[in-house]
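Descriptive analysis of the structure
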Amino acid sequence: MNAFLTRAKRRAFGVQKTKTLPARSWLQLSIMDNCEMYENTSKCIASSKSMECFMVLSTQAQKISIATLCGLFGILCIFENCLVLYLIFSSSGTRRKPSYIFISSLALADLLASIIFVGSFVNFHVFNETDSSKELFLLKLGGVNTSFTASLSSLLLTALDRYISISRPSKYKLLVTRKRAWTALGVLWLGCVANAFLPLMGWNCCTLNSACSELFPFVDSNYLFTWICLVLILLGCIVCAYSHVLWRAHQHVAYMEKHQVHAGKQNARMRMDIMLAKTLVMVLTVLVLCWLPALILMIYSIFVSLNNHLRKVFAFCCTLCLLNSMVNPIIYALRSKELYSSLRMHLSRCRRQLRTSNDSPEAESARRSSMMETVCEDIHAM
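Residues numbered from 1 in each chain as written. Predicted model: local features only at pLDDT ≥ 70, side-chain atom pairs only at ≥ 80, totals over all residues. Heavy atoms only, no water.

Turning our attention to the overall build of the protein. Scanning the protein from N- to C-terminus turns up 15 helices and zero strands. Here the protein, with 382 residues, has 41% of them falling under the buried criterion. Within the protein, contacts between residues separated by at least 24 positions form 77% of all contacts whose residues are at least 6 apart in sequence. Total accessible area computed for the protein in this model is approximately 21,500 Å², and 64% of it derives from carbon and sulfur atoms. (Helix = DSSP H or I, 4+ residues; strand = E, 2+ residues; numbered from the N terminus. Buried < 20%, exposed > 50% of the residue type's maximum accessible area, 1.4 Å probe, protein only. Contact = heavy atoms within 4.5 Å. Areas by Shrake-Rupley, 256 points an atom, 1.4 Å probe, with all protein chains shown as cover.)

Next comes the structure, spelled out in structure tokens:
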């Protein structure tokens, strides 16, 4: 009986009896055998061997592709979001506006997501490094969850800010103040941290002895389902808010076309609100396109068992979430006139400083000395 099962297993993996496989191939088969033991289990085995089942990248080409994508997106994301934060807080005009306070929260969340996600994801899937305990793994997973959830929640606050600005423009400054904006951000980040670290605090399949997720080690399937529902609710609220914003923006455009003779400061304010609303709709569109593939696979994994191919697809879909964090600052630079003007001002200031340093007396003296040496060498050569 055992010999029959061994032959059947070899045929399933495409291994012939007469062939000898390399040690690495036998190791991969051993890992796959162990993973079969953990499928459809209701018990968590808190060991580093069980985490090897989630290392789905089997070829060197797949690991190089993931490392390249994460490295490229991560570096650009860090640079762009740091630039956005610098432009916002270096100008007193932008850092006092609630709209840019929410955008700075979005940039901070994307910055943290790029740092924590790239480090954890590459170490796990590319270098196959397992943590010494499930607590350390859940701590890293909580950091990634916090940053991505805060990014989505910051977009919701920005959508509500635009909704109030267009629906009640006369009372906007009274309703949306700096104090209320910072208070909302404080509640937002505390809520994201509390929700993200629930698995670390006990809501995991190890503590509850419940069904584990097939995509994340030690994560309870019910928690994953709850988190997906939260994300879908946030996306639904954002879509509803922006649908109303676009409808009111269309009304503003039609109104301004009919009453161009009365164009003034109020119409300029309306045009600014419309442009910012369109910018944030672009951000939302990119967000949905980047997150939708990963969310679909998460939902699918709850009801249907995933094979290794779909797990590999999910690993590549996770990099799209990082792509979203990289694209957001680019949209701000292209659509926000204030940030673009601030960037141009800083670049022109740097050029003037470089020109001034090149025209300093020391530089001029060195230039003249070099010219004299060249003339003397020419005379000596003659």
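Moving on, we come to the environment of Phe-225. With respect to the helices and strands, Phe-225 occurs in helix α11 (residues 221–258). For Phe-225 and Ser-213, which are twelve residues apart along the polypeptide, the C-alpha to C-alpha distance reads 9.7 Å. In this view, Phe-225 contacts Ile-302 and Phe-303; residues no more than four positions away in its chain are not counted.

What follows is about the side chain of Ser-325. In this fold, Ser-325 is placed in helix α13 (residues 308–335). Ignoring any residue separated from it by four or fewer positions in sequence, one finds Ser-325 in contact with Cys-77, Asn-81, Asp-110, Ala-113 and Phe-148.

Quick look at a nonpolar patch on the surface now. Taken together, Phe-225, Leu-232, Ile-299, Tyr-300, Phe-303 and Val-304 make up a surface patch of nonpolar side chains, about 560 Å² in accessible area. At the level of elements, α11 and α12 (265–303) are the ones that each hand at least two residues to the nonpolar patch. Per-element accounting of the nonpolar patch gives the leading share, three residues, to α12. (Patch = residues over 30% accessible without salt bridge, like charges linked within 9 Å, V, L, I, M, F, W, Y side chains within 5 Å. Salt bridge = Lys/Arg side-chain N within 4 Å of Asp/Glu carboxyl O.)

In this section: the nonpolar core. In this structure, Phe-117, Trp-227, Ile-238, Met-298 and Phe-314 are the most contacted members of the largest nonpolar core, which totals 55 residues. Those elements that place two or more of their residues in this core are α4 (60–89), α6 (98–125), α7 (134–167), α11, α12 and α13. Formed by ten residues, the second largest nonpolar core is a distinct cluster that contains Ala-181, Leu-185, Trp-189 and Cys-192. (Core = buried A, V, L, I, M, F, W, Y, C linked by side-chain atoms within 4.5 Å.)

Turning our eyes to something else, we now look at the packing of α4 against α6. It is at 9 Å that the axes of α4 and α6 come closest, and there the two elements cross at 155 degrees. Of the possible angle classes, the one that applies to α4 and α6 is roughly antiparallel. Of the two possible hands of crossing, α4 and α6 adopt the one that is left-handed. When the residues that make up the contact of α4 with α6 are grouped by side-chain class, the tally is 18 nonpolar, five polar and two charged. (Axes fitted to C-alpha atoms, helices over the stretch in contact; angles between N-to-C directions. Parallel < 35°, antiparallel > 145°, perpendicular 65-115°, else oblique. Left-handed = near helix turned anticlockwise from the far one by under 90°. Nonpolar A, V, L, I, M, F, W, Y, C, P; charged D, E, K, R; others polar.)

What follows concerns the confidence of the model for the protein. On average, residues of the protein carry a pLDDT of 76, and 71% of them reach 70 or more. Segment residues 370–382: pLDDT under 50, and zero contacts once partners within four positions in sequence are set aside and those in other chains are kept. (pLDDT = per-residue confidence, 0-100.)

Here we come to the pattern of salt bridges. Under the defined criterion, the tally for this structure stands at four salt bridges. Linking Lys-134 and Glu-135 is a salt bridge whose minimum nitrogen-to-oxygen distance equals 2.8 Å. Overall, the relative accessible area of 18% leaves Lys-134 in the buried class.

Next up on the list: unusual backbone geometry. The backbone of Asn-209 sits at a positive phi, close to 55 degrees, despite the residue not being glycine. Locating Asn-209 in the fold gives a position in the loop between α10 (205–208) and α11. Phi angles above zero are rare outside glycine, and Phe-218 is one such case at about 70 degrees.

A word on the packing of aromatic side chains. Going through the model one piece at a time under the given rule, you end up with eight aromatic pairs. When the centroid spacing of 5.7 Å and the interplanar angle of 85 degrees are considered together, the rings of Phe-216 and Phe-314 count as edge-to-face. With a gap of 98 residues between them, Phe-216 in the loop between α10 and α11 and Phe-314 in helix α13 connect regions that are remote in the sequence. Phe-314 carries the same exposure label as Phe-216, and that label is buried. (Phe/Tyr/Trp six-rings, centres within 6.5 Å; stacked < 30°, edge-to-face > 60°.)

Inspection of the secondary structure assignment puts Arg-168 in the loop between α7 and α8 (172–175). For Arg-168, the residues in contact, after removing those within four places along its chain, are Tyr-163 and Leu-175.

Next up on the list: the environment of Ile-116. Secondary-structure assignment places Ile-116 in helix α6. Given the relative accessible area of 28%, Ile-116 is considered partly exposed. Sequence separation between Ile-116 and Gly-142 is 26 residues, and the spatial gap between their C-alpha atoms is 9.9 Å. Sequence-distant contacts of Ile-116, defined by excluding residues within four places in its chain, comprise Lys-140, Gly-143 and Val-144.

So, on to helix α9 (residues 178–196). For α9, which comprises 19 residues, the first-to-last C-alpha distance of 27 Å matches the rise-based estimate of 27 Å (1.5 Å per residue) to within 8%. Among the residues making up α9, those that are buried are Ala-181, Leu-185, Leu-188, Trp-189, Cys-192, Asn-195 and Ala-196. With its buried residues spanning 135 degrees around the axis, α9 presents them on a single face. Among the exposed residues of α9, those oriented more than 90 degrees off its buried face are Lys-179, Val-187 and Leu-190. (Expected span 1.5 Å × (residues − 1). Arc of directions from axis to C-beta.)

Turning our attention to a positive patch on the surface. Positive charge collects at one region of the surface, where Arg-344, Arg-349, Arg-351, Arg-352 and Arg-355 lie side by side. Turning to its location among the elements, Arg-344 is positioned in helix α14 (residues 337–358). The exposure class of Arg-344 is exposed, given its relative accessible area of 54%. (Lys, Arg positive; Asp, Glu negative; His and termini not counted. Charge placed at Lys NZ, Arg CZ, Asp CG, Glu CD.)

Attention shifts here to the side chain of Ser-105. With respect to the helices and strands, the residue Ser-105 is situated in helix α6. With a relative accessible area of 4%, Ser-105 lands in the buried category.

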